[in-house]
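Listed here are the chains, written in short residue letters.
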Amino acid sequence: MWIDSHAHLDAFVADGSWPEVLAGMRAAQVGSVIAIGGSVAANELALTMAREYAEVHAVVGYDRDEAEREPDFGLLRDLVNAERPVGIGETGLDYYYGQETARQQCALFEQNLSVAAAYGLPVVVHTRDAEDDTYRLLRDFVRAWSGRTNGQESRTDSGSAGRLAPPEENPVAAQIGRANPAKRDEPNRAVLHTAVPGVIHCYTGTAEQALKLLELGFMISFSGIVTFKKSDALREVLKVVPDDRLLIETDAPYLAPVPKRGKRNEPAYVAYVGEGIADYLGRPAAELAQITAQNTRKLFNLPVRG
Ligand SMILES: [Zn+2]
């Protein structure tokens, strides 16, 4: 059983092909898909799909495209409270397409990270040509985030959280657990803190950068790019990612893996990504399926199914 750890379902819903896409997943032994948000509309869609289909889990947040729109983080916090998404994202920095908005992108990324830290949710990170800023912000995030994991209720060293708002300053976080100890037994985000701070999705960086991100505790996710003929350098990165940090994804509807390259991508094709990696590493595909599905469940705190 495979899991697609990252797909955008909007296009399949818009053109009515979702029932076929879902049937394709089942036929390809893809048991679950993480539906990724990034805007108000995409967040709504991901959450709606997660409500309707047991195979779908939602991640919500504001992507770097939203940097100049000053999106509503009150609304995002309300969604997290009411709908219980499994992660925050996708969010991050893209200086390949948007160097001129670098400052706004960093500010937006930090706000997303602050929500993730407040709720103990993992963050789904996009980064392209922005390695240094991404690393710096994630390092600060992990400090704020792991403060919660370790149950440090009062933080005397407020400087350690960098520029991120510590969880106790977040009124919603206070509301769901800190201000009212009687509520602690309820299944809320303060209790359901995941064990991993997040994932660098659609990884295209170097092995050296991957090692630094692994050291921070992140998982690394490979998309169909890893199956492309020219991706020798990226395949080398596979060798430094330990089994318990490896994820696979489609990033559908983009970046279809070989042998579907050039076609519209869909969650069923995550099996091709996994098979391509298995081939390269000389390991059984079933083993890759098991490892990556288990990691995805751990990252997003998913129920074990199947
Ligand atoms: Zn994506």
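Data block above holds the structure.
For the structure given in this document, a descriptive report is provided here.

Time to look at the overall build of the chain. Secondary structure assignment for the chain yields 12 helices and eight strands. Within the chain, the proportion of its 306 residues that are buried is 47%. In the chain, the share of contacts with a sequence separation of at least 24, taken over all contacts with a separation of at least 6, comes to 68%.

Read across the open sheet, the eight strands follow the order β1-β2-β3-β4-β5-β6-β7-β8; overall the sheet is parallel. Edge positions in the sheet fall to β1 (2-7) and β8 (246-248), since each has one partner strand and no second. In this sheet, neighbouring strand axes are inclined to one another by 30° on average, regardless of whether the strands run parallel or antiparallel. Bridge count between strand β6 (residues 198-200) and strand β7 (residues 219-222): two bridges; the pairing is parallel. Residue I200 lies in a different strand from β7, and its bridge partner there is I220.

Every buried residue of helix α4 (residues 73-83) is listed here: L76, L79 and V80. Seen from one end, α4 has its buried residues packed into an arc of 95°, which puts them on one side. Of the exposed residues in α4, those oriented more than 90 degrees away from the buried face are G74, D78 and A82. On its buried side, α4 packs onto α3 (40-52), β3 (56-60) and α6 (102-119). Immediately downstream of α4, the backbone of R84 shows phi near 55°, a positive value.

Our focus in this paragraph is the pairing of strand β4 (residues 87-94). Counting buried positions over the eight residues of β4 gives eight, a clear majority of the element. Bridging between β3 and β4 involves two bridges; their strand directions are parallel. Bridge pairing links V59 to G87 in β4. As judged from the six bridges shared by β4 and strand β5 (residues 123-128), these two strands associate in the parallel manner. For L93, the partnering residue across the bridge sits in β5 and is T127.

Right, let's talk about unusual backbone geometry for a bit. Residue A252 is joined to P253 through a cis peptide bond whose omega torsion reads 10°. You can see P253 is positioned in the loop between β8 and α11 (270-281). The step from V258 to P259 runs through a cis peptide bond, and the omega angle for that step is 10°. Turning to its location among the elements, P259 is positioned in the loop between β8 and α11. With phi around 65°, Q29 is a residue other than glycine that occupies positive phi space.

Okay, the packing of α11 against helix α12 (residues 285-300) next. The relative placement of two packed helices comes down to the angle between their axes together with the axis-to-axis distance. Where α11 meets α12, the axes come as close as 8 Å, and the angle between the chain directions of the two elements is 120°. Considered as vectors, α11 and α12 are oriented oblique to each other. Here α11 runs over α12; the crossing is right-handed. Counting all contacts with α11, which are made through G274, E275, I277 and A278, the residues of α12 involved are A285, L288, A289 and T292. Among the residues making up the contact of α11 with α12, the classes are represented as five nonpolar, two polar and one charged.

So, about the nonpolar core. Ranked by internal contacts, the top residues of the largest apolar core, which has 83 residues, are A35, A46, A58, V59, A116 and I220. Per-element tally for this core: the top contributor is α6, with nine residues. Discounting chain neighbours no more than four positions away, the residues touching A58 are A35, G37, A46, L47, M49, A50, P85 and V86.

Thresholds, definitions, all that
- Along each chain, numbering runs from 1 in the same order as the chain's sequence is written.
- Reporting of local features is limited, given that this is a predicted model, to residues whose pLDDT is at least 70; pairs of side-chain atoms are given and counted only at 80 or more, and all residues count toward the totals for whole chains, interfaces and linings.
- In this text, helices come from DSSP runs of H or I with a minimum length of four residues, and strands from runs of E with a minimum of two, each type numbered from the N-terminal end.
- Each residue is classed by its C-beta neighbour count within 10 Å, where at least 20 other C-beta atoms makes it buried, 12 or fewer makes it exposed, and intermediate counts make it partly exposed; the C-beta atoms are placed from backbone geometry.
- For the purpose of contact definition, each residue receives a C-beta atom placed from its backbone, and two residues are in contact when these atoms lie within 7 Å.
- Two strands pair if DSSP finds at least two bridges between them.
- Where helices are involved, their axes are fitted lines through C-alpha atoms of the stretch in contact, as for all axes, and angles between N-to-C directions lie from 0 to 180°.
- Arc definition: it is the arc formed by the directions from the helix axis to the C-beta atoms.
- Any angle that falls under 35 degrees is termed roughly parallel, while one over 145 is termed roughly antiparallel, one within 65 to 115 roughly perpendicular, and all others oblique.
- Each crossing gets its handedness from the near helix: less than a right angle anticlockwise from the far helix is left-handed, clockwise is right-handed.
- When residue character is reported, Ala, Val, Leu, Ile, Met, Phe, Trp, Tyr, Cys and Pro are called nonpolar, Asp, Glu, Lys and Arg charged, and the others, Gly included, polar.
- Definition of nonpolar core: a set of buried Ala, Val, Leu, Ile, Met, Phe, Trp, Tyr and Cys residues joined via C-beta atoms within 7 Å.

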